[in-house]
Structure formats: structure tokens, C-alpha cells
Amino acid sequence: LTEVLANSRQVLEIGSCTGQHAVAFATALAHLVWQPTDQALYLPGLQANLQRHAPANLLPALQLDVQHDDWPATNSDAVFTANTLHIMSLVQVAATFAGVGNLLKREGLFLIYGPFNYGGEYTSASNQAFDAALQQRDPLSGIRDIEHIASLADRQALQLANDFAMPANNRLLVWRKT
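Residues numbered from 1 in each chain as written. Predicted model: local features only at pLDDT ≥ 70, side-chain atom pairs only at ≥ 80, totals over all residues. Heavy atoms only, no water.

## What about the sheet that holds strand β9 (residues 170-177)?
Phase 1: Sheet architecture is open: 7 strands sit in the order β3-β2-β1-β4-β5-β9-β8, paired in mixed fashion. In the strand order of this sheet, the two ends are held by β3 (62-63) and β8 (158-166), each with one partner.
Phase 2: For strand β1 (residues 10-14) and strand β4 (residues 78-82), the ladder comprises 4 bridges, and the chain directions are parallel. Counted as the bridge partner of L12 is V79 from β4.
Phase 3: Sheet strands in contact with helix α1 (residues 20-28) are β1, β2 (33-38) and β4, and its direction is about 175° off that of β2.
Phase 4: Running over the sheet, helix α2 (residues 43-53) touches β2 and β3 and is turned about 155° from β2. (Pairing = 2+ DSSP bridges. Helix = DSSP H or I, 4+ residues; strand = E, 2+ residues; numbered from the N terminus. Contact = heavy atoms within 4.5 Å. Axes fitted to C-alpha atoms, helices over the stretch in contact; angles between N-to-C directions.)

Okay, here's the thing in C-alpha cells:
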């Protein structure tokens, strides 16, 4: 993220959960203003964690249900999300891309961390087992195919700039608004 976000100034994080990524990245990337968000249900715990651990460049959490809420008006030139697309329904994934497409200006970045399939194939046996567990818990969730994600990105004028291999069979996808 240090290299990818070197020219960014403000990041909107989707699905901040406990705030662990927000705290770590805001601390490590002091040139950024980091805006965490999550659904209303998770805000009290998220905000409590942020109050205990937040550096000065970490803003108070905002409510964001990607499908039902109005997206916050921010000056974000980048959007980050980790481990969210595989727990969302496909409708929510599409709503995420639409929201990001509306939020970002030209050259803005959308960074997505998590597991993905390529050509309809799992990248590992552990991802296949993880996908089965996700779908058993919620049939609308599951590891997403990069081709489907790319089609959603294309509709929002987002081009894949980088696809980084990460630990534990995850990827960091970096999309740039054209």
C-alpha cells in the first residue's frame, strides 16, 4: 500500500469491522487521511476501538451499507476494502462498484484485498474449502470470479492497474478510474 497510495491523500475504507486495518494503515501511512466505514450494527465496536488506538489522521467512523445508504461525500481519492466482497451478496458487490464509481474522480484508486477465482477456478484447495464454508453459512456469499469483478469495474470506468499476490492465497487488486 505504501507504493500504491503514495500519491493519494484520503482513503475511504469500506467494511472497517474492528478498525484493525484502519489503525494499522493510518499509522503506517501518515500522509493519508483514513475514513473508516461500516454498517450501523458494527459502528459502536468500531468507534470504541478507534477511540482507543487511532492516530490523528484517522477520522471517526461513518455508517455505510453499500446497498442501502447514501455514500458519504468525501474528498477520497482512493477506496480500500479488505475481506468484504466474498461475504457480500452479488447485489451488494455490484452496489459497491457503483458507489465507488460515483465517488472516485479520474485517476482515483479502488483497492480490494481478498481471495478471488480466475477462469472459474480456485487458486488453492484452501480457497475451495473456504468458499464452501462461506456458502454453507450464507448461500449468497462466496469467493468471486475475477472476470465478474472486472465486468463490474468496467461499467464504472475502472481499469485493473495491478493484481498483487498476497499471503494465504489472497490478492490485492488495484483498479484505476479512467
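## Some points on the packing of aromatic side chains
Phase 1: Within this structure, the stated rule accounts for 4 aromatic pairs.
Phase 2: Ring geometry for F25 versus F80: centroids 5.4 Å apart, planes at 85°, classification edge-to-face. Highlighted residues: F25 in helix α1 and F80 in strand β4, separated in sequence by 55 residues.
Phase 3: The class of F25 is partly exposed, set by a relative accessible area of 21%.
Phase 4: Of the aromatic side chains, those joined through ring pairs into one cluster are F25, W34 and F80. (Phe/Tyr/Trp six-rings, centres within 6.5 Å; stacked < 30°, edge-to-face > 60°. Buried < 20%, exposed > 50% of the residue type's maximum accessible area, 1.4 Å probe, protein only.)

## Remarks on the packing of helix α3 (residues 90-103) against helix α5 (residues 146-155)
Phase 1: Where α3 contacts α5, the two axes come as close as 9 Å, and the packing angle between them is 40°. Taken together, the axes of α3 and α5 lie oblique to each other. The hand of the α3/α5 crossing is right-handed. Across the interface between the two elements, L90, V93, A94 and F97 of α3 pack against H148, I149, L152 and A153 of α5.
Phase 2: Tallied by class, residues from the contact of α3 with α5 come to 7 nonpolar, 1 polar and no charged. (Parallel < 35°, antiparallel > 145°, perpendicular 65-115°, else oblique. Left-handed = near helix turned anticlockwise from the far one by under 90°. Nonpolar A, V, L, I, M, F, W, Y, C, P; charged D, E, K, R; others polar.)

## Focus on the pairing of β1
Phase 1: For β1, the buried fraction is high: 5 of the 5 residues fall into the buried class.
Phase 2: Of the two faces of β1, the one lined by Q10, L12 and I14 and the one lined by V11 and E13 are each fully buried.
Phase 3: Pairing geometry for β1 and β2, over 4 bridges, is parallel. Bridge pairing links V11 to W34 in β2.
Phase 4: Considered for its hand, the β-α-β crossover made up of β1, α1 and β2 is right-handed. (Right-handed = clockwise from strand over helix to strand, strands pointing away.)

## Section: the pattern of salt bridges
Phase 1: With the rule as written, the count across this model stands at 2 salt bridges.
Phase 2: Its salt-bridge partner being E107, residue R176 comes within 3.6 Å of it at the nearest N-O pair. Here E107 lies in the loop between α3 and β5 (109-114) and R176 lies in strand β9, a separation of 69 residues in the sequence.
Phase 3: Residues D163 and R171 are paired through a salt bridge, measuring 2.8 Å at the closest nitrogen-oxygen approach.
Phase 4: Residue classification places D163 among the partly exposed positions, given a relative accessible area of 28%. (Salt bridge = Lys/Arg side-chain N within 4 Å of Asp/Glu carboxyl O.)

## Points about the pairing of β5
Phase 1: Within β5, 6 of the 6 residues are buried, leaving the element largely enclosed by the surrounding structure.
Phase 2: Burial along β5 is two-sided: the face carrying L109, L111 and Y113 and the face carrying F110, I112 and G114 are both buried.
Phase 3: The pairing of β4 with β5 spans 5 bridges and is parallel. Bridging across to β5, T81 finds its partner in I112.
Phase 4: Crossover β4 to β5 through α3 is right-handed.

None of the figures reported here should be taken as evidence of function without further support.
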